[in-house]
Amino acid sequence: MKRPRMWMEVGVWPPPVRAQWRPARSTVVRRRRWVAAGLVAAVVFGAVAGSVATLMLVGTVGA
């Protein structure tokens with residue numbers, strides 16, 4: 001089996017740093033969960049704020 005060539009053999013410069021590597025799968029999954037939870041929270045917050053604003057407007061107009 002051929003071994004993978006190192007960066008100095010390939011001619012890549014500057015050498016790749018760890019920050020440019022793909023993150024671990026667990027990190028990606030955790031990040032996606034936080035994004036999904038944030039979106040759900042934003043939708044719920046928007047719906048509640050919209051309902052409260054509507055009730056306030058309807059209450060002031062009807063009174």
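Keep in mind that what you see is a predicted model, and the values were worked out from it rather than measured.

As a further point, take the overall build of the protein. Broken down by element type, the protein carries two helices and zero strands. The buried share among the 63 residues of the protein stands at 0%. Carbon and sulfur atoms provide 69% of the accessible area of the protein, an area that totals close to 6200 Å².

Taken together, the side chains of Val40, Val44, Val48, Val52 and Met56 define a hydrophobic patch exposed on the protein surface, amounting to about 460 Å² of accessible area. Locating Val48 in the fold gives a position in helix α2 (residues 25-62). The class of Val48 is partly exposed, set by a relative accessible area of 49%.

Each value, and the rule that gives it
- Residues numbered from 1 in each chain as written.
- Predicted model: local features only at pLDDT ≥ 70, side-chain atom pairs only at ≥ 80, totals over all residues.
- Heavy atoms only, no water.
- Helix = DSSP H or I, 4+ residues; strand = E, 2+ residues; numbered from the N terminus.
- Buried < 20%, exposed > 50% of the residue type's maximum accessible area, 1.4 Å probe, protein only.
- Areas by Shrake-Rupley, 256 points an atom, 1.4 Å probe, with all protein chains shown as cover.
- Patch = residues over 30% accessible without salt bridge, like charges linked within 9 Å, V, L, I, M, F, W, Y side chains within 5 Å.
- Salt bridge = Lys/Arg side-chain N within 4 Å of Asp/Glu carboxyl O.

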